[in-house]
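Inside the fold
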Amino acid sequence: MNANTSAALDRIQPSATLAMTGRVAMLKRSGVDVIGLSAGEPDFDTPDYVKDAAIEAIRGGKTKYTIVDGTMELKEAIARKFKRDNGLTYDPAAQISVNVGGKHTLFNAMVATVDAGDEVVIPAHYWVTYPDIVNFAGGMPVIISAGANQQYKILPEQLDAAITPRTRWVLLNSPSNPTGAAYSAVELKALAEVLLRHPHVMVITDDMYEHIWYAETPFATIVEVCPELYDRTLTVNGCAKAYAMTGWRIGFAGGPAWLIKAMAKLQSQSTSNPCSIAQAAATAALNGDQSFLKERNAAFQRRRDLVVGMLNEAIGLHCPTPEGAFYVYPDATGCLGKTTPKGVVIDSDERLVDYFLDDHQVATVHGAAFGLSPAFRVSYATSEDLLTEACGRIQKACATLR
Ligand SMILES: Cc1ncc(COP(=O)(O)O)c(C=O)c1O
């Protein structure tokens, strides 16, 4: 038997966030009182009107294969969403792709377009999955570092310096997972001006956290602020975070017809259509009353303020206040080099996160997984009571380091 795995598989790592979620589940099963702040998943339930639409779809026989990259009903709902929220016009038949989660959307786009040696520019801190998808496709991630001193946002000159003749894509994500950093329209415009000088470069904007937004100025996406980039931008979004539909697995994108067609070709030989029931649910989510998004956003903002306040009181941590998503990303420089009561030296953010979990039963994700250390990611998509308890444990953990 040949148990060797493929070179493509060997180029990627298992997802660090999903690995931590697995560790938390195991600890909980064995009775440990662990608080999980590692999963990127809202604690809110999927709205009832969405669940009702799914049940109706089952009863109504929407249980068969659909068009590979989405039903026309859903594509039309997505095109309306892009018009309503972002002022973007896409032809539902030719310019919208529906996939099995946003991760799949990004995977399709990369695998359909990246050849060996192609470069993909990724600002760090990045969502753990980005470099792995690029590596899987045979491309080369080119990382730009943006630390807390620049509010975790890249500068136009950094972008310009990272682009080469081999650059195929630039991958933007605002609000960001893991830092919550959110680019204003003015900041996006400055990046767009750089991109206009490099017409061979395609742009992905991952807007998954669009509706979890606290800044005074409204959310903006790059084609909205720079329509000249329309023909070479894939605008990615999905139902997971805004509608608390992580398990339903619906992601989508609007973009140039040739790219949407290429993604459908790949999908036709892998997953085929996303689940027909989930597509019906997503159609209802996008077409329904959107007012609950504001209420949920206000709840997230209260939680953010609670967590930022408490973590900034922890010795050795510095926690910037993010303007979007449901993550904070405390800098842990002040904890490095210290020793735990059990004598373990904290020589990396991975060791710190292990200490939080093993000795204080709080699960977070270490910063190295997101491309810059020393830091860790806290997901605050859980109740204020649990967050208060968890941040109290982190404060205690930090205070007992020597
Ligand atoms: C930045 C970002 N993009 C895309 C996704 C993909 O979401 P899903 O595949 O659950 O739709 C996630 C999920 O965590 C994310 O954080």
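Quick note: structure is the one above.
Before going into details, it helps to say that this report is about the structure given with it. (Residues numbered from 1 in each chain as written. Predicted model: local features only at pLDDT ≥ 70, side-chain atom pairs only at ≥ 80, totals over all residues. Heavy atoms only, no water.)

For the structure shown, the criterion picks out three cavities of 30 Å³ or more. Taken as a whole, the largest cavity encloses approximately 120 Å³ of empty space. For the largest cavity, the lining is made up of 16 residues, of which Pro123, His125, Asn173, Ser176 and Tyr183 are closest to its centre. The set of elements that each furnish at least two residues to the lining of the largest cavity consists of strand 3 (119-124) and strand 5 (167-173). In terms of residues, the lining of the largest cavity owes the most to one element, strand 3, which gives three residues. (1 Å grid on protein atoms, 1.4 Å probe; cavity = no way out; pocket = protein on both sides within 12 Å on 5 of 7 lines; lining within 4 Å. Points joined across faces, edges and corners; volume = space filled by probe spheres on them. Helix = DSSP H or I, 4+ residues; strand = E, 2+ residues; numbered from the N terminus.)

Another aspect to go through is the pairing of strand 12 (residues 376-379). The alternating pattern of strand 12 places Phe376 and Val378 and Arg377 and Ser379 on opposite faces, both of which are buried. When strand 9 (residues 327-328) meets strand 12, the two strands line up antiparallel, connected through two bridges. When the sheet's bridge partners are listed, Tyr327 is paired in strand 12 with Ser379. Judged from the two bridges that link them, strand 11 (residues 365-366) and strand 12 form a sheet pairing that is antiparallel. Bridged to Val365 within strand 12 is Arg377. (Buried < 20%, exposed > 50% of the residue type's maximum accessible area, 1.4 Å probe, protein only. Pairing = 2+ DSSP bridges.)

Near the ligand there are 13 residues, and of these Gly102, Asn177, Asp206, Tyr209 and Lys241 occur at the shortest range. Separating an oxygen atom of the ligand from a side-chain N or O atom of Tyr209 is a distance of 2.7 Å. In the model, an oxygen atom of the ligand is placed 2.7 Å from a nitrogen or oxygen of the Lys241 side chain. Calculation on the ligand without its partners gives an accessible area of 390 Å², and the protein chains cover 93% of this total. Most atoms of the ligand, that is more than half of them, are within 2 Å of grid points of the largest pocket. Looking at side-chain class alone, the shell around the ligand contains five nonpolar, four polar and four charged residues. (Near = heavy atom within 4 Å. Polar contact = N/O pair within 3.5 Å; in protein donor to acceptor, adjacent residues only side chain to side chain. Areas by Shrake-Rupley, 256 points an atom, 1.4 Å probe, with all protein chains shown as cover. Sits in = over half its atoms within 2 Å of the grid points. Nonpolar A, V, L, I, M, F, W, Y, C, P; charged D, E, K, R; others polar.)

Okay, the sheet that holds strand 9 next. Across the sheet, three strands lie side by side as 9-12-11; this open sheet has antiparallel pairing. Single-partner strands in this sheet number two, and they are strand 9 and strand 11.

Moving on, we get to the side chain of Thr340. Structurally, the position occupied by Thr340 is in the loop between strand 9 and helix 14 (349-360). Given the relative accessible area of 5%, Thr340 is considered buried. Setting aside chain neighbours within four positions, we find Thr340 in contact with Ile346, Tyr355 and Leu401. (Contact = heavy atoms within 4.5 Å.)

Judged by nonpolar contacts, the single largest core of 73 residues is most densely connected at Met110 and Leu234. For this core, the element with the most residues is helix 15 (residues 384-399), which contributes six residues. Setting aside residues no more than four positions away along its own chain, Met110 makes contact with Val120, Ile133, Val134, Ala137, Trp169, Leu171 and Ile204. Core analysis: the second largest hydrophobic core is formed by 48 residues, Ala77, Leu88, Val194 and Ala285 among them. (Core = buried A, V, L, I, M, F, W, Y, C linked by side-chain atoms within 4.5 Å.)

All right, on to the state of the cysteines then. The tally for this structure, following the rule as stated, stands at zero disulfides. Cys391 forms no disulfide, and the closest cysteine sulfur to it belongs to Cys319, at a distance of 8.5 Å. Note on Cys398: no disulfide assigned, nearest cysteine sulfur contributed by Cys335 at a separation of 4.1 Å. For Cys398, a relative accessible area of 1% translates into the label buried. (Disulfide = S-S within 2.5 Å.)

The seven strands are arranged 2-8-7-6-5-3-4 in an open sheet whose pairing can be described as mixed. A single partner strand is all that each edge strand has here, and the edge strands are strand 2 (96-99) and strand 4 (140-145). On average, each strand axis in the sheet is inclined to that of its neighbour by 20°, with strand direction left out of account. As judged from the four bridges shared by strand 7 (residues 233-238) and strand 8 (residues 251-254), these two strands associate in the antiparallel manner. In the sheet register, Thr235 faces strand 8, and the bridge partner there is Gly254. (Axes fitted to C-alpha atoms, helices over the stretch in contact; angles between N-to-C directions.)

A separate point is the layout of surface pockets. Where empty space is left in the structure can be found by rolling a water-sized probe over the atoms. Here the largest pocket defines a volume of roughly 530 Å³. Gly40, Lys103, Trp127, Lys241 and Arg249 are, among the 27 residues lining the largest pocket, the residues nearest its centre. Breaking the lining of the largest pocket down by element, the ones donating at least two residues are helix 2 (16-29), helix 6 (102-113) and helix 7 (129-137). Along the lines of polarity and charge, the residues of the lining of the largest pocket split into 10 nonpolar, 11 polar and six charged.

A few words now on helix 9 (residues 185-196). Because the α-helix completes a turn every 3.6 residues, residues three or four places apart line up on one side. With 12 residues, helix 9 should cover 16 Å at 1.5 Å per step; its first-to-last C-alpha distance of 16 Å lies within 8% of that length. Within helix 9, burial applies to Leu188, Leu191, Ala192, Val194 and Leu195. Seen end-on, helix 9 carries its buried residues on one side only, within an arc spanning 155°. Those residues of helix 9 hidden inside the fold are in contact with helix 8 (156-162), strand 5, strand 6 (202-206) and helix 10 (222-225). (Expected span 1.5 Å × (residues − 1). Arc of directions from axis to C-beta.)

All right, on to the packing of helix 3 (residues 48-59) against helix 12 (residues 276-287) then. Two numbers describe a pair of packed helices, the interaxial angle and the distance between the axes. Packing of helix 3 against helix 12 leaves a shortest axis separation of 8 Å and a crossing angle of 140°. As judged from the angle between their axes, helix 3 and helix 12 are oblique. The two elements helix 3 and helix 12 meet at a crossing, and its hand is right-handed. Residues Tyr49, Val50, Ala53, Ala54, Ala57 and Ile58 of helix 3 pack against Ile277, Ala280, Ala281, Ala284 and Ala285 of helix 12. (Parallel < 35°, antiparallel > 145°, perpendicular 65-115°, else oblique. Left-handed = near helix turned anticlockwise from the far one by under 90°.)

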